[in-house]
Amino acid sequence: MSKIKYNLFLRSVLICVIAGVFAIMCLGEGVAQTSQLFRVYKKDVNGKIPETSDAVAAGKKIYEIKCYYCHGIKGDGNGSDAPRLDPKPRNFTRDEYKIRSTGQGVLPTDEDLFRIISSGVEGTAMPFWNTLTSAERWQVIYYIKTFNSEFKEKAERSEVAIAGGSASSPDSIKRGQKLFKEAKCILCHGEDGRGDGALTTTLKKQWDLPFKARDLTQSWMFKGGNTKEDIYRTVTTGLNETPMGSYADYLTDEDRWHLSHYVKSISHDMKTDVVLKSKLVDGNLPSGPEDAAWGTIDAVELPLAGQIVASPRFWTPSTNSIRIKSLYNGENIAFLLEWDDRTNEQDEIYSDAVALQFPTKIYEGQQKPYFAMGDSGKGVELLHWRAYDEAVLAAQRTEDDGIKTETDGGDDLEEEEGTDDAGVEGSEAATEQEVEEVIEEAAKEEFKGFVTIKEMNAKGFKRLSVQPDKSQNSKGKGLWKNGKWQVMITRPLITGDKKIDVQFEKGKLIPYALAVWDGSNSEIKGQKAISSWYYLTLEMTTPGSVYIYAIVAVFMAICIQFWVVARIRRFPTEIPSE
Amino acid sequence: MSKKKNSYSMMMVIVSVLIVFAIIKVIAPYVFMILLAKDHTMPTPSTLLLWYMILAILACLVYVSTSDLKWANFLSFILPAGDDKLKLLFQKMIVISIPLLVGWFVYSGTVPGTASPVELRIQHPTLLQEFEKLENPFAHADEATKRKCIEEGKHLYQQNCRPCHGSKADGNGPFANAFRLRPINFTDPGTIATVVENFAFWRIKEGGPGLPAVSTPWDSAMPAWKDVLTDTQIWKIIMGEYVTAGVQARQREEMEH
């Protein structure tokens, strides 16, 4: 009798222990991932069918079901959807094909067209047509070719040779870097390759649309693929009807490989994480966006989309991603926001800007305000930095410092800020003394050269209000260099305004979202690039007790284990003889 | 007595549990990637992993305790190994690894870290009464009108919905990556094919903000289109959208008598 009980006991203990162990293990490692599904350039070509009039007719049918909304019924790239697209759809009646394996000014091969239709083009509206069979894709290609008679006239289109590439090496990259300057790549692509070269802003194509040189740091945006072979191909063939010409005659094969290696080396992949970890620092936070302390921590890069949830909607944002880093100390939290912007052109109305959004209150469970500007029930707090405002405030301060007399410059500044945002309700109660106090305070000690940025609250797009001056406690400092904005924003962890300010508490998951405006793209108010909710958490240092717990647990496990082993060995379960 | 062959059933149990773990953790993501024709792996959610592991362990323990013989054999692995070197080695491994595992679990469980936010989406919230009663004004139109509406709807779809839901209605529009709750793939037979047209009408008109709280309206990037689109336009979009996606709306069941 007692044996049965003993066995039962042992079994249940075993089951409980092992199940518990797995429970802890599995809960410990939650899966939080985001999947970016960037379209990649796929090189395989298959199932080619002969170019017959039947195939062309079949292609026409497909084209007029799938393609003409963008590319137009006549193939002129002027479909009903074209006004909302940037870049514009390809005009098939011209030879403006970009991704080709043929020389400059030459039409692409059928295989080139097949690759583009199968791969889609990241950064544009062109999808990968996996829903078409390869035969159907060939039929569409044969139909597309009828839009441009040159396809028939110059049927012979030879591919450029891409083989023979050397492996990438530090020397090769160095040589490529030199060539990048010598071959005048920097004139358009900019010194750091962010597409901010001196020519970029002056070159215009039809309808005054700017030619935007590729930002070579964003690997996912390389239209014809981002392998070194793809880059080499683009350098060799050029992009038809753009300022990007062929370098086949200008640079030797080898030099073009060096250049490709260099371009590859300056590009990075997007590393997104759902949770941004703010690291604890002893002492002072970084003194500005260019502080070396920022270099040591990892950034989270978030993809951005046009603001499409409230009208007027915005279909063509110029910023597609933003990187964010965060640090905190005993009193303040600091964020470094970095995004690529080809220009630094600000004016009173259209200015580059960035906003951090937090819920005013952290809710239990997964509840949050609406990701775009909150909703009527749950509000959000916005920390809004504007390049133009900073320049004006900074100029104001130098003036103040120089004259050392009391001026009331801060007042009209506030008014300017207020008029920038539509729907600002009753926010014009600026009292000059307070503004000055804030500026003076900012000039002091820790955040030298920072200006007070605008803290706002929103409960939906139409209910946006600027916080009263005494509640404005965020500061910011921006730096634009070589096509990149770096903006550092800092705020006290805890403020006195618990109703309108988010409180940054350790160990909590604090939702955050971002918005970016590009002034040169006429982005203002709701015309902006936005992200959805992500999470910020203030990392805690590991307390010593954790190690003690672990050691105690190990010790207990050893004890229990040896007790069990001893029990079993002392009273071995009899193996039934039959 | 020592002639009797040593039983390795405890090792078998441990090995099979590890195999199950490997299958769920490593192999399943790839299997589901192929089965569901996705171009990324499909990691098993941790709670699912937890339950499968508990089930696997329970099944093993149930198996080894189905008879007294099996149970005795199972426990006999802990008995002195004698001159069986292999058994001795395994015993040492078990004895060392269990406390270490426990220690590691306790450490990872208590170390201040960030639990990943758990976020779920309820796919089909209940359709509101007021939308239940609506009817597509073109439902009984003649074929020519219907064709015209579908074509108009397709244009409207491409202009308004394409940036997120994509030209192919597969949820892969150029903006799709930016929304953590990815836009719905309409070609997936589990999405718009399972709802009536009225449901689609409600979702388009009221968007994310119109969702009930259980459906996490704060994460949905679906705009409320009532601000710019008329009801007629929305019905046309629905007709165009189903054709673009190549699926059909669920038909309303016959009214009860």
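Residues numbered from 1 in each chain as written. Chains lettered and ligands numbered in written order. Predicted model: local features only at pLDDT ≥ 70, side-chain atom pairs only at ≥ 80, totals over all residues. Heavy atoms only, no water.

1. Some words on the domain arrangement of chain B
So, point 1. If you check the domain split of chain B, you get domain 1 (9–110) and domain 2 (129–245).
So, point 2. The gap between the C-alpha centroids of domain 1 of chain B and domain 2 of chain B is 47 Å. (Domains from an automatic or database assignment.)

2. So, the side chain of Arg342(A)
Residue and element names in this part refer to chain A.
So, point 1. Residue placement: Arg342 occurs in the loop between β5 (332–340) and β6 (353–359).
So, point 2. Buried charge without a partner: Arg342 forms no salt bridge, and the closest opposite charge is Asp215, 5.8 Å away.
So, point 3. Polar contacts involving the side chain of Arg342 include one to the main-chain carbonyl oxygen of Gly195, which spans 3.4 Å.
So, point 4. Looking at Arg342, its side chain comes within polar contact range of the main-chain oxygen of Ala213, at 2.6 Å.
So, point 5. Once you skip the residues sitting within four places of it in the chain, Arg342 turns out to touch Arg194, Gly195, Asp196, Thr200, Lys212, Ala213, Arg214, Asp215 and Trp480. (Helix = DSSP H or I, 4+ residues; strand = E, 2+ residues; numbered from the N terminus. Buried < 20%, exposed > 50% of the residue type's maximum accessible area, 1.4 Å probe, protein only. Lys, Arg positive; Asp, Glu negative; His and termini not counted. Salt bridge = Lys/Arg side-chain N within 4 Å of Asp/Glu carboxyl O. Polar contact = N/O pair within 3.5 Å; in protein donor to acceptor, adjacent residues only side chain to side chain. Contact = heavy atoms within 4.5 Å.)

3. Some words on the interface of chain B and chain A
So, point 1. Contacts between the two partners involve 81 residues from chain B, matched on the other side by 89 residues from chain A.
So, point 2. Per-residue buried area on chain B facing chain A is highest for Lys168(B), Arg180(B) and Trp218(B); these three make up 11% of the total on that side.
So, point 3. For the pair chain B and chain A, the number of links is three salt bridges.
So, point 4. A salt bridge links Arg162(B) to Asp81(A), with the nearest nitrogen and oxygen atoms 2.5 Å apart.
So, point 5. Where chain B meets chain A, there are 21 residue pairs in polar contact (both at pLDDT 80 or more).
So, point 6. Elements represented by at least two residues in the side of chain B that touches chain A include exactly α1 (9–35), α2 (46–64), α3 (68–76), α4 (85–110) and α6 (143–165) of chain B.
So, point 7. Looking at the side of chain B that touches chain A element by element, the count peaks at twelve residues for α4(B). (Buried area = accessible area lost by both parts, 1.4 Å probe.)

4. Observations concerning unusual backbone geometry
All names here are of chain A.
So, point 1. Here the residue pair Asp86 and Pro87 is connected by a cis peptide bond, since its omega of 0° sits within 30 degrees of zero.
So, point 2. By the element assignment, Pro87 lies in the loop between α2 (53–71) and α3 (110–119).
So, point 3. Across the junction of Ser311 and Pro312, the peptide omega takes the value 0°, indicating a cis bond.
So, point 4. Its place among the elements puts Pro312 in the loop between β3 (305–306) and β4 (321–328).
So, point 5. With a phi close to 70°, Met373 is a non-glycine residue in the positive phi region.
So, point 6. Within the secondary structure layout, Met373 lies in the loop between β6 and β7 (380–386).

5. Considering the packing of aromatic side chains
The description of an aromatic ring pair rests on the distance of the ring centres and on the angle between the ring planes.
So, point 1. Inspection of every chain in the model, using the stated rule, returns 33 aromatic pairs over all chains.
So, point 2. Between Phe371(A) and Phe179(B) the ring centres are 5.9 Å apart and the planes differ by 80°, which places this aromatic pair in the edge-to-face class. With one member in each of two chains, Phe371(A) in the loop between β6 and β7 and Phe179(B) in the loop between α6 and α7 (197–206) form a pair that bridges those chains. A single burial state applies to Phe371(A) and to Phe179(B), both of which are buried.
So, point 3. Every member of this aromatic cluster is reached through a ring pair, and the members are Tyr63(A), Phe92(A), Tyr97(A), Tyr143(A), Phe147(A) and Phe151(A).
So, point 4. Over the aromatic face of Tyr363(A) sits the side chain of Lys378(A), whose NZ or CZ is 5.7 Å from the ring centroid. (Phe/Tyr/Trp six-rings, centres within 6.5 Å; stacked < 30°, edge-to-face > 60°. Lys NZ or Arg CZ within 6 Å of the ring centre and 35° of its normal.)

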